[in-house]
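In case you want the letters, here they are:
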Amino acid sequence: MGTVQAPGVYTGAADVIAALMLLLEFGMLRQALIRDQIRLYATQSALISVLAVVIAADRGIGDLYALAALSAALKVVAVPYLVRKLLGRTGRDEAAGVAGSYTIGVANSVLGSIALAAIGFFCFNSLGIHSADAPGTALAIAGGMVLVAFGLMIVRRDVASQAIGFFSLENAISLAALVVAAGLPLILETAFLFDLLVAVVVFGMLIRAHHTRSDSLSTADLTKLRG
Amino acid sequence: MMFAVVIALAAVPLAAGVVALIVPPRLAAAVTVVAGIASFALVLALVPAAAHHTLTYVSYFRIDAVSAIFMLATGFLYAAVAVYAVGYVGHELREKDPAGGRRYTIRFYALFNAFAWSMFIAPMMNSLALLWIAIEVTTVVSALLVALENSEAAAEAAWKYVLIASAGLGLALLATIFAYFAGAQLLGQHYDLALSTILQVGSQLPPTPVRFAFLLAVLGYGTKVGLFPVHTWLPDAHSEAPTPVSALLSGSLLAVSFYAILRYYQIATAALGTGFPRDALLAFGVASLLLAALYLLDQRDLKRLLAYSSVEHMGILAIGVSFGAPIALAGVMLHVLAHAAAKGNAFMGAGVLVVKFGSKRISAQRGAMDLLPWTGPLFLLAVLALCAMPPFGIFRSEFQIVAGGFSAHRYAAASVLIVLVTLAFLGLSAAATSIMFRPLNTTRGPGAMAHAHEPSAWMVVPMVAGFIVLLILGLHPPGELTELITRAVAQLRGAA
């Protein structure tokens with residue numbers, strides 16, 4: 001009675017990767033420069049592909065190898081490239097508008113996000129969704145990541161960070177999907193990914209429109225419409 | 001035969017969007033009008049078939065009575081607004097240089113058709129995953145349309161819209177994944193989220209994931225429906241978008257997002273019984289209605305006024321579904337159609353008023369009854385229709401919803417509904433009366449130089465059509481529509 005079993009390779013790997021992704025999410029929340037945020041996002045996306053490969057090997061789901069490759073091509077290469085290119089024209093010294101874009105102090109944002117991550121973790125954990133395929137801890141961490149991504153979009157007052165926050169929200173959902181819905185047909189997963197790509201292009205166009213208009217990435221002046 | 005109609009419906013608006021990119025602007029307008037009217041005719045052709053059986057094709061398309069009703073709303077508005085846009089875009093072009101005007105027109109028509117296409121596709125999808133993708137496409141396309149005016153306010157509205165709606169759809173994606181997880185417990189890993197399959201096994205689905213998926217879907221898709229507290233993008237986007245787009249956003253896009261919630265409602269009632277899903281919808285519905293009624297009382301911007309009225313009507317839909325009685329559900333289905341016609345007319349009228357007075361502020365618009373011999377009365381009638389005055393369609397639908405509330409013994413909720421709708425009526429009618437009947441200031445102000453004249457006949461004709469539709473829906477809905485609604489109600493109540 002009460003013997004604690006060591007997690008298997010798959011469960012262990014899924015949990016470690018999920019935890020690393022959550023840490024990277026905090027990195028994005030904290031990071032002052034856009035290009036570093038993009039790097040963190042690319043790393044986080046790469047981890048998703050690694051996890052897909054681990055699950056593919058463990059469960060023998062061949063489709064997931066293809067998904068891992070496609071996901072890496074899009075989220076590690078194409079999306080970061082597109083975001084950099086679309087933001088390229090906004091100039092390198094734009095970091096100022098992004099670096100100081102906290103609505104609340106850095107320390108408070110991080111503390112708040114830790115609380116959010118804990119809430120998400122315990123909420124998803126208490127759902128009791130466990131099955132042979134679903135390591136509960138990784139799913140709970142994905143829940144925490146979803147809330148931290150929302151937190152990131154809320155505390156950062158610049159369009160670039162808000163967009164990165166949304167893209168990483170999508171990563172958090174991909175993590176949850178890999179854990180509870182690994183068998184989701186490949187065609188649907190592919191459609192999701194291309195949809196993300198379209199969203200990235202539209203986000204980029206709107207960011208550029210905003211920048212040409214106000215000469216800054218800050219959203220502090222987007223307060224005219226109210227009531 | 002019907003398959004050809006479905007394929008044509010999935011192809012015509014998209015083709016029109018592509019054609020609009022390459023042909024001269026004037027031709028793009030004509031192509032859009034033809035595509036709009038043709039699409040409406042195609043939807044009408046689908047109605048009798050959908051009223052008798054569920055159409056399923058190549059496992060991706062599934063059109064039942066519920067889908068057909070939402071496609072009808074989109075079809076009518078697409079046709080009406082396509083005609084209206086000819087006049088509207090013509091007016092916009094007068095203020096732009098030729099190159100800018102050309103760019104504006106090409107973008108407008110390409111995106112406008114793509115937007116209509118995505119709203120047709122969404123209710124046709126069998127898979128919940130493809131439904132999500134279609135609704136995400138509606139978001140990105142319409143965000144670009146909101147940004148089209150190229151003003152500071154439009155950029156702000158578009159950014160808020162795309163960020164808030166996409167984040168909401170992130171939650172809806174999570175809902176999709178949990179719906180897959182629930183279904184895969186019974187149907188195996190290769191389950192493709194087909195609605196037809198998951199509804200068959202509904203009663204055996206594991207409750208916890210279904211409950212979670214339903215809540216996430218209400219919150220996620222509810223962001224696009226405009227339910228409180230995730231409605232914040234809605235008034236901004238509706239007021240800053242070009243007016244033809246506002247009409248489509250309000251009458252069709254919000255409804256299509258509500259359609260997605262209805263699908264999750266079907267799954268949730270099958271798996272959990274009716275208690276939890278209805279309570280959740282009632283809470284969101286009453287909160288939205290309350291917020292909208294209060295904002296309607298003191299609103300200075302005409303298009304924002306109509307936007308909050310959309311929040312109000314989406315709240316009414318949610319409350320109607322929460323009553324669950326057959327007559328309330330029939331009212332909800334009719335309300336989708338009547339609201340599309342009434343809100344389409346109201347926005348089209350508002351577009352003419354804004355062109356005429358050069359301002360969206362209600363205080364800048366006065367004496368419209370004298371200045372606009374057609375738009376004035378039609379706008380006033382549209383607002384009265386929105387306030388559920390007889391003999392228009394919304395009177396019939398709201399009456400059915402309230403009657404359903406009483407027959408389901410939800411006396412408190414039905415009474416709250418009546419009180420809040422009356423409050424909204426006060427706000428809407430006060431604003432409309434002021435615009436119509438406050439005497440024109442003839443010595444100064446924006447109305448000084450104005451004389452009685454409609455800006456464009458293109459902008460009046462679709463309003464007349466909308467008015468006729470409102471009358472038909474209110475006085476005597478056609479038999480085939482009644483059959484369609486009856487079947488949709490049976491489906492929402494759990495018949496296969």
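As the structure is a prediction and not an experimental result, all values here were calculated from the model.

Student: Outline the overall build of chain B, supporting the account with residue identities and numerical values.
Tutor: Summing up its helical and strand segments, chain B has 19 helices and two strands in all. The C-alpha radius of gyration of chain B comes to 21 Å, within 12% of the 23 Å expected for a compact globule of 496 residues. Taken along the three principal axes of its C-alpha coordinates, chain B extends 75 × 55 × 40 Å. Looking at the 496 residues of chain B, the share that counts as buried comes to 65%. Nonlocal contacts in chain B, meaning residues at least 24 apart in sequence, comprise 82% of its contacts between residues at least 6 apart.

Student: Please provide a residue-by-residue account of the overall build of chain A, values included.
Tutor: When helices and strands are counted, chain A shows eight helices and zero strands. Secondary structure of chain A in N-to-C order comes out as α-α-α-α-α-α-α-α. Within chain A, the fraction of its 227 residues that count as buried is 48%. Of the contacts made within chain A by residues no fewer than 6 positions apart, 76% connect residues no fewer than 24 positions apart.

Student: Tell me about the environment of B:Ala68, and please be specific about residues and values.
Tutor: All names here are of chain B. Within the element layout of this structure, alanine 68 appears in helix α3 (residues 65-94). The class for alanine 68 is buried, based on 28 C-beta atoms found within 10 Å. Non-local contacts of alanine 68, meaning those with residues more than four positions away in its chain, are made with Leu46, Val47, Ala50, Ile63 and Leu484.

Student: Can you break down the interface of chain A and chain B residue by residue, with the values?
Tutor: Counting from both sides, the interface comprises 32 residues of chain A and, opposite them, 33 residues of chain B. The set of elements that each furnish at least two residues to the side of chain A that touches chain B consists of α6 (136-155), α7 (159-180) and α8 (186-214) of chain A. If one sorts the elements of the side of chain A that touches chain B by residue count, α8(A) sits on top with 11 residues. Split into classes, the residues belonging to the side of chain A that touches chain B amount to 24 nonpolar, four polar and four charged.

Student: Residues and numbers for unusual backbone geometry, please.
Tutor: All names here are of chain B. Cis geometry marks the peptide bond from phenylalanine 228 to proline 229; its omega dihedral reads 0 degrees. Mapped onto the elements, proline 229 comes out in the loop between α8 (207-225) and α9 (233-240). With an omega of 10 degrees, the peptide bond running from proline 390 to proline 391 counts as cis. Structurally, the position occupied by proline 391 is in the loop between α15 (375-386) and α16 (393-407).

Student: How would you explain α16(B) if you had to name every residue and give the values?
Tutor: All names here are of chain B. Taking 1.5 Å per residue as the helical rise, α16 with its 15 residues ought to reach 21 Å, and the 21 Å between its terminal C-alpha atoms agrees with that figure. Taken as a whole, α16 has its buried residues at Gly393, Ile394, Arg396, Ser397, Glu398, Gln400, Ile401, Val402, Gly404 and Gly405. On its buried side, α16 packs onto α12 (302-323), α13 (326-357), α15, α17 (411-437) and α18 (461-475). Immediately beyond the C-terminal end of α16, within one or two residues, lies histidine 409, with a positive phi of roughly 60 degrees.

Student: If you had to explain the confidence of the model for chain A to someone new, which residues and values would you point to?
Tutor: Of all residues in chain A, 89% attain a pLDDT of 70 or more, and the chain-wide mean is 84. The spread of mean pLDDT over the elements of chain A runs between helix α4 (residues 95-99) of chain A, the lowest at 59, and α6(A), the highest at 92.

Student: Break down the packing of helix α1 (residues 2-22) of chain B against helix α4 (residues 98-124) of chain B for me, with residues and values.
Tutor: Residue and element names in this part refer to chain B. Contact pair α1 / α4: the axes reach a minimum separation of 7 Å and the direction vectors enclose 165 degrees. Here α1 is positioned roughly antiparallel relative to α4, judged by the angle of their axes. Here α1 runs over α4; the crossing is left-handed. On α4, the residues that touch Val6, Leu9, Ala10, Pro13, Leu14, Ala16, Gly17, Ala20 and Leu21 of α1 are Ile106, Tyr109, Ala110, Asn113, Ala114, Ala116, Trp117, Phe120, Ile121 and Met124. Partitioned by chemical class, the residues of the contact of α1 with α4 number 17 nonpolar, two polar and no charged.

Student: Describe in detail the packing of helix α6 (residues 152-187) of chain B against α9(B), supporting the description with residues and values.
Tutor: Residue and element names in this part refer to chain B. Here α6 crosses α9 at 140 degrees, and the two axes come no closer than 9 Å. Taken together, α6 and α9 sit at an angle that is classed as oblique. Remark: the crossing between α6 and α9 carries left-handed chirality. Seen from α6, the contacting residues are Ala153, Ala154, Glu156, Ala157, Lys160, Tyr161, Ile164 and Ala165; seen from α9, they are Trp233, Asp236, Ala237 and Glu240. In the contact of α6 with α9, the residues fall into eight nonpolar, no polar and four charged.

Student: Any chance you could break down the environment of B:Pro277 for me, citing the residues and the numbers?
Tutor: Residue and element names in this part refer to chain B. Relative to the elements of secondary structure, proline 277 occurs in helix α11 (residues 275-297). By the C-beta count within 10 Å, which is 27 here, proline 277 ends up buried. Residues contacting proline 277, with those up to four places away along its chain left out, are Phe214, Tyr265, Ala268, Thr269 and Leu272.

Student: Tell me what's going on with the environment of B:Gly324, and back it up with residues and numbers.
Tutor: Residue and element names in this part refer to chain B. Summarising the element assignment, glycine 324 is placed in the loop between α12 and α13. Expressed as a C-alpha distance, the spacing of glycine 324 and serine 407, which sit 83 residues apart in the sequence, is 9.8 Å. In contact with glycine 324, other than residues within four places in its own chain, are Thr274, Arg278 and Ala408.

The rules we used
Residues numbered from 1 in each chain as written. Chains lettered and ligands numbered in written order. Predicted model: local features only at pLDDT ≥ 70, side-chain atom pairs only at ≥ 80, totals over all residues. Helix = DSSP H or I, 4+ residues; strand = E, 2+ residues; numbered from the N terminus. Rg over C-alpha atoms; globule rule 2.2 N^0.38 Å. Buried ≥ 20, exposed ≤ 12 C-beta atoms within 10 Å, placed from the backbone. Contact = placed C-beta atoms within 7 Å. Nonpolar A, V, L, I, M, F, W, Y, C, P; charged D, E, K, R; others polar. Expected span 1.5 Å × (residues − 1). pLDDT = per-residue confidence, 0-100. Axes fitted to C-alpha atoms, helices over the stretch in contact; angles between N-to-C directions. Parallel < 35°, antiparallel > 145°, perpendicular 65-115°, else oblique. Left-handed = near helix turned anticlockwise from the far one by under 90°.

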